[in-house]
Amino acid sequence: MKYIMLAVLLWGVNMLAATPLRGVVKDSETGEELIGATILVKDDPERGAITGLDGGFWIESISERCILICSYLGYKTTEYTVQSDADKLTILLEPVYSEIEEIVVYAHAANDTETGARSIERLSSNVMNIVSARAIEISPDMTVANVIQRVSGVTVERNNSGDGQYAILRGMDKRYNYTLVNGVKIPSPDNKNRFVPLDIFPSELLDRLEVTKALTADMEGDAIGGAVNLVMKDAPQNRQITANISTGYNALFLERDFLSFDTKAMDKQSPYEIYGESYPAKPRDFSEKLIRLETQNAPANLFGGFSYGDRLIHDRLGIMLAGSYQNSYRGSDCVFYGTTTATSDASNLPVLTDKNDRSYSERQTRYGLHAKLDWRFSRQHKIQWYNAYMDFSNAQVRDNKRIDLNIGYNPGQGDYNLSYDTRFRLNHQHILNSTLKGTHHFRSEALKIDWSTVYSKAFNETPDNTSVHTVTSVRNHQENPISVVTLGGADRRWEHNSDNDKAAYLNIIYSMEAEKIKMNFSAGGLYRDKQRANFFNQYDFRPYDESKDEGMRNNLIKGVDWNDYSEILFTVFTPFGAVGNPLNYEASEKIAAGYGQIKIFIYNLQVIAGLRIENTEQGYFLKYAVEGVKNSGNQLYTDYLPDVHLKYSPWINNNFRVSYYKSINRPSFFEIVPYRIINEDYTEMGNPDLQHTIAHNIDARYEYFPRPSEQFMLGLFYKKMENPIEYGMITQGQGTFYMPANFGEASNLGMEIDITKYFHSFGLKGNYTFTHSAITTTKLFNYDNPDPSSSEKVLVKNVNQTRPLNGQARHVANLSLLYKDTKNGWDGQFALSYTGDRMYAVSRYFDNDIWQSGYLQLDAAIEKKCKAGLILFAKASNLLNTPMVHYLKKDNPSNSRIEGYRNHHGGTLVRCDYYGQNLQAGIRYKF
């Protein structure tokens, strides 16, 4: 017993002599904290620590005097002697550099890390936000569209499966932003507009994601909300090989079957394209295998990626090759109500016309290929050749059950008319970009010239898009036999469009320094020739079985004449196909631009002033002449776009920014085509006289970076738009049309807060954006006829309504809780994203716009580093399975007659989608 007591006493004395040691490891040149540096006690290598998210470390106890060994990749290993009474220790590591011939390579914080991202934000000339490749890698997000929703001031417009698709910046609809790849604008595969769907890009190909919110003169001027720049992976300084593979499920298909069809049965071209316009199509020209439904239970997703990067030939040649493949099964369960506005009285209340129970099943396949080569002729001269190919296809089955809420609807007796519609659709998009860029320095690097030549192509096709329509009725709760719709049993359409861009860029920058004042002058320009072509062709079918009695040949009943859609006999009602559609058009756009800019550095003040001049020639041509409209048109205009940016840094890691820039938004390609689409109660029409929008933008932001990977930002913005483009009711001649038009002025203002803070192993990232916008457009309004003798009791007039901009949400917030245990190799996070109520669709009628209800999404991700470069990871998204709800702010008391109907926050429920949780697990390898 006494020996045990003696041992305890000696241990206690030793503990009193040993004290815990706290410290931080920094870069000796930049002062940046280094995350993941290793600190070991020299005499006891089993004891040590790894720096956390804040660059700090803690060793439980040290003796009176010991030697620490500190090491980090790219830095000199250093020994430090410390005493037991040492206060918090600061260890400075020197970066390693090597000179190879004329090329000097320095170790530095890579731009694909959080520290690198914060550094770019701090040093940038204008207002921007950055998401690093590392933040993307450990996030729950698989596509760029889902990643960008984490940025302050950004919301996303979602597709039918709940994934993000288009970015809305600072409440400005997707039309007011543009997308770049490595600083070069890329074309859109959309058949009507110029905005780019971000869900086509796999996130793992990115080096970082940049969101620029204030434009400078050297940037293209057609962005009012901002610009999204996808910076792709670059060649590393040392050989790097990565690979990953993972699988998972969508919980939606654990509860119901996944519906699919044979996409190989689709005809890529219509009979019109194959045989010519004079060929009368026959039933045998269309595959019946396409409309044969197939089912799967809980299909597994598959994701994979690979990258190889290196520098060869004495570091002169840089290579980066990367590829990504994603095959996922997504969908939604949806309730959708058709709506109109009451015209029988002056209430202007919404009226529900039909109820639709829809199920979406989508197989999404996307892959990306990325190749970048660069050659360093010397330290002053470098050339790069970048190529990227992004491909996305979506095979969708939409199964719809529709109840008519007007004719024959009597839920009390169980009577209503019922129809079924099934759509088989494959949408395929791809974007190709090839860019050759050179960078040259002259006169001791005082003069810099960079140039680029670019070819890009975007392609979109929806071949053999087929819908089948059947109908029945329910009487006394009993469903009658289902039959094919007699006057429209099926339709098949072919659509495709291409967008070809050829562009050249030139920038010349001259730098000089005199008595603590640094200046650089830059000038340059671009020329782009864009050519767009659209094709549309549709065939309509009617059921017909010539073996039946003459009066019954069109009456094909399920269970008697057919069991599967592929067994229905059709005749081609429009054998030559309908090509007189407004989507058959060609468009062109030629842009010539030049700019001049000066940048001045005076002590802690940076001033940028510039002027950009853009000349636009935009035109269209209808392939098939339409009587009574202009079959071709052209717009030509020139814009002068000044900008001023001030950046003041009174203290280290503090910035105050104020900026002004003028920008524009061009009409979309389809908006200026003089198309007419006749609907049941109104006519939609294009507007060849549509003018482009001009905006004046003001930004102010305070930035504080307490540590290299931490930040606090508070920003304000204001936008005043002239001739904003929105849809409204416009009177022309004797008619009133729903069409795109310029509506005077609009304003948009808001506030952004960004916070990133780390506490050793834990981190907190959050942002909040408040946005308020206003625009006044014309709407239809029903009112009582003041003449009691008139047979028309209700009249309609145009009135003005002031409302938010389409797509704008007043409140947007993100919050992420991060965890990092470098010593044991754990990384994890919970990410919460909230988008408040936002304008979803603009109605023709006064105060009957459709709103999207507030949406809360919780996602999570975790990874574990193992030996030999292996990493295990798991991701989960939409954990709360929050429904996406669309609604009108007014409700009609008569809606209570509809069985199963419920209002939404006192308004009319229009649509409710459930997407299901997405779970994924896999392995990643890094060498």
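Worth saying up front: this structure is predicted, and the values here are computed from it rather than measured.

This part takes up the overall build of the protein. Scanning the protein for helices and strands turns up five helices and 52 strands. Rg of the C-alpha trace for the protein: 31 Å, near the compact-globule value of 30 Å for 927 residues, within the 12% margin. Oriented by its inertia axes, the alpha-carbon framework of the protein measures out at about 105 × 80 × 60 Å. For the protein, the proportion of its 927 residues judged to be buried stands at 55%. The long-range fraction of contacts in the protein, counting pairs at least 24 apart against all pairs at least 6 apart in sequence, stands at 71%. By element, 56% of the accessible surface of the protein is carried by carbon and sulfur atoms, the whole surface being about 40200 Å². Averaged over its 99 positive side-chain charges, the protein has a centre that lies 3 Å from the centre of its 109 negative ones.

Among the nonpolar cores identified, the biggest contains 32 residues, and I148, F201, L209, L230 and M232 are the most heavily contacted of them. Looking at this core, the elements with two or more residues in it are α3 (133–137), α4 (144–148), β11 (154–158), β12 (164–169), β15 (206–212), β16 (226–232) and β23 (381–404). Setting aside residues no more than four positions away along its own chain, F201 makes contact with T143, V144, V181, I186, V196, L230, M390 and I431. In this structure, A490, Y539, W562 and F570 belong to the second largest nonpolar core, which totals 27 residues.

This paragraph deals with the pattern of salt bridges. Inspection of every chain in the model, using the stated rule, returns 52 salt bridges. The partner of E752 in a salt bridge is K213, and the shortest N-O contact between them spans 3.2 Å. On the criterion of sequence distance, the pair formed by E752 in strand β41 (residues 745–759) and K213 in the loop between β15 and β16 is long-range, its members being 539 residues apart. Like E752, the residue K213 is buried in the burial classification. When the shortest N-O distance is used, the salt bridge between R311 and D374 registers 2.6 Å. On the criterion of sequence distance, the pair formed by R311 in strand β20 (residues 301–312) and D374 in strand β22 (residues 350–376) is long-range, its members being 63 residues apart. In this structure R311 comes out as buried when scored by relative accessible area, which is 7%.

The next subject is the sheet that holds strand β6 (residues 78–83). If you trace the four strands from one edge of the open sheet to the other, you get β3-β2-β5-β6, paired in antiparallel fashion. In this open sheet, the two strands that pair with only one neighbour each are β3 (44–50) and β6. Adjacent strand axes in the sheet meet at a mean angle of 30° when their direction is disregarded.

On to unusual backbone geometry. Despite not being glycine, D315 shows a phi value in the positive range, around 70°. Tracing the backbone shows D315 in the loop between β20 and β21 (317–341). D315 gets classed as buried once you look at its relative accessible area, which sits at 14%. Non-glycine residue H760 carries a positive phi angle of around 55°. Assignment of secondary structure puts H760 in the loop between β41 and β42 (762–784).

With that out of the way, let us pick up the environment of V673. Considering the arrangement of structural elements, one finds V673 in the loop between β34 (654–665) and β35 (676–678). Sequence-wise, V673 and E586 are 87 residues apart; in three dimensions their C-alpha atoms are separated by 9.5 Å.

Here we take up the confidence of the model for the protein. Overall, the prediction assigns the protein a mean pLDDT of 88, with 94% of residues at 70 or greater. Note on residues 1–17: pLDDT under 50 across the span, and four contacts to partners over four residues away in sequence or across chains. Note that pLDDT drops below 50 for residues 98–109; the model gives that stretch 26 contacts with residues more than four away or on any other chain.

A few words now on the sheet that holds strand β13 (residues 177–181). Read from one edge of the open sheet, five strands run β10-β15-β16-β13-β14, paired in mixed fashion. Since the sheet does not close on itself, it has two edges, and those belong to β10 (128–132) and β14 (184–185), each with one partner. Two strands pair when backbone bridges link them, and β13 and β14 are joined in this way by two bridges, in the antiparallel orientation. Bridging from a neighbouring strand, L180 pairs with K185 of β14. The strands that helix α2 (residues 114–123) touches are β10 and β15; relative to β10, the one it contacts most, it runs at about 170°.

Turning our attention to the side chain of R158. In this structure, R158 sits in strand β11. The buried charged residue R158 lacks any salt bridge, with D163 as its nearest oppositely charged partner at 6.0 Å. A polar side-chain atom of R158 sits 3.1 Å from a polar atom in the side chain of Q149. Side-chain polar atoms of R158 contact the backbone oxygen of G162, separated by 2.9 Å. Residues contacting R158, with those up to four places away along its chain left out, are Q149, D163, G164, Q165, Y855, Q857 and M884.

Quick look at the environment of D491 now. Tracing the sequence through the fold places D491 in strand β28 (residues 490–514). Owing to a relative accessible area of 15%, D491 belongs among the buried residues under this scheme. Between the C-alpha atom of D491 and that of S668, which follows or precedes it by 177 residues, the distance is 28 Å. Discounting residues that sit within four places of it in the chain, D491 has contacts with N465, T466, S467, H469, Q538, Y539, D540 and F541. Side chain to side chain, D491 and H469 meet in a polar contact 2.9 Å long.

Time to look at the packing of aromatic side chains. Applying the stated criterion across every chain, the model contains 24 aromatic pairs. Here F541 and F570 contribute two aromatic rings whose centre-to-centre distance is 6.2 Å and whose plane-to-plane angle is 70°, an arrangement assigned as edge-to-face. Of this pair, F541 sits in strand β29 (residues 517–543) while F570 sits in strand β30 (residues 570–572), and the two are 29 residues apart along the sequence. Just as F541 is buried, F570 falls in that class too. On the numbers, 5.8 Å between centres and 40° between planes, the contact of Y585 with F670 is tilted. With Y585 in strand β31 (residues 585–602) and F670 in the loop between β34 and β35, the pair connects residues that are 85 residues apart, well separated along the chain. In textbook terms, an aromatic cluster arises when at least three aromatic residues are bridged by ring pairs, as seen for F286, W494, Y539, F541 and F570. A cation over a ring is seen here: R542 above F573, with NZ or CZ 3.5 Å from the ring centre.

A few words on α2. Quick reminder: α-helices carry 3.6 residues per turn. Residues three or four places apart thus point the same way. The element α2 is largely enclosed, with a buried count of eight among its 10 residues. Within the span of α2, buried status applies to E114, T115, G116, A117, R118, S119, I120 and E121.

This part covers the side chain of T179. Note on placement: T179 falls in strand β13. Aside from chain neighbours lying at most four places away, what touches T179 is V184, K185, I186, V196, L198, V228 and L230.

Evaluated as defined, the whole model comprises zero disulfides. Cysteine C334 remains unbridged, with the sulfur of C912 as its closest cysteine sulfur at 7.7 Å. With a relative accessible area of 3%, C334 lands in the buried category.

Below, the discussion takes up the environment of M142. As for its placement among the helices and strands, M142 is situated in the loop between α3 and α4. Look past the residues within four positions of M142 in its chain and what remains in contact with it is P202, S203, F303, Q326, K875 and Q920.

It is worth spelling out the pairing of β34 at this point. Regular strands show a simple pattern: their side chains alternate between the two faces of the sheet. Relative to β34, strand β33 (residues 632–648) runs antiparallel, the two being bridged by six bridges. Bridge pairing links D643 to Y661 in β34. Counted along the chain from β33 to the antiparallel partner β34, the turn is five residues long, and its residue N653 has a positive phi close to 65°.

To continue, consider the pairing of β6. Where strand β5 (residues 65–71) lies against β6, six bridges are found, and the strand directions are antiparallel. Looking at the pairing, R65 lines up with Q83 of β6. Between the end of β5 and the start of β6, which pair antiparallel, lie six residues, with G74 showing a positive phi angle near 90°.

Scoring rules and cut-offs
- Sequence positions are assigned chain by chain, starting from 1 and proceeding in written order.
- With the structure being a predicted model, the display of local features is reserved for residues of pLDDT at least 70 and the display and counting of side-chain atom pairs for 80 or more, all residues being used for whole-chain, interface and lining totals.
- Where side-chain values are given, they derive from all heavy atoms of the structure, hydrogens and water being excluded.
- The helix count covers DSSP runs of H or I at least four residues long, the strand count covers runs of E at least two residues long, and both are numbered beginning at the N terminus.
- C-alpha atoms define the radius of gyration in this analysis, and the globule rule sets the expected value at 2.2 Å times the number of residues to the power 0.38.
- Relative accessible area decides the class of each residue, using a 1.4 Å probe on protein chains only: under 20% of the type maximum gives buried, over 50% gives exposed, and in between gives partly exposed.
- Two residues qualify as a contact provided that any one of their heavy atoms is within 4.5 Å of a heavy atom in the partner residue.
- Here the Shrake-Rupley method, with its probe set to 1.4 Å, supplies the accessible areas, and only the displayed protein chains count as covering residues.
- By the counting rule applied here, Lys and Arg register as positive and Asp and Glu as negative, while His and the ends of each chain are not counted.
- In this description, the location of a charge corresponds to atom NZ of lysine, CZ of arginine, CG of aspartate or CD of glutamate.
- Side-chain atoms within 4.5 Å are what join buried Ala, Val, Leu, Ile, Met, Phe, Trp, Tyr and Cys residues into a set we call a nonpolar core.
- We count a salt bridge whenever a side-chain nitrogen from Lys or Arg sits within 4 Å of a carboxyl oxygen from Asp or Glu.
- We call two strands paired when DSSP finds no fewer than two bridges between them.
- Whenever a helix is involved, its axis is fitted only over the stretch in contact; in every case the axis is a line through C-alpha atoms, and angles between N-to-C directions fall within 0 to 180 degrees.
- Within a predicted model, pLDDT stands for the predictor's per-residue confidence, ranging from 0 to 100.
- Counting of polar contacts relies on pairs of N or O atoms within 3.5 Å, with two restrictions inside protein: one atom must be capable of donating a hydrogen and the other of accepting it, and residues adjacent in sequence are counted only when both atoms are side-chain atoms.
- Any two rings among Phe, Tyr and Trp, with Trp reduced to its six-membered ring, count as a pair given centres within 6.5 Å; such a pair is stacked if its planes are under 30 degrees apart, edge-to-face if over 60, and tilted if neither.
- By definition here, charges over rings are those cases where NZ of Lys or CZ of Arg is within 6 Å of the ring centre and within 35 degrees of the ring normal.
- A pair of cysteine sulfur atoms is labelled a disulfide when the two atoms are within 2.5 Å.

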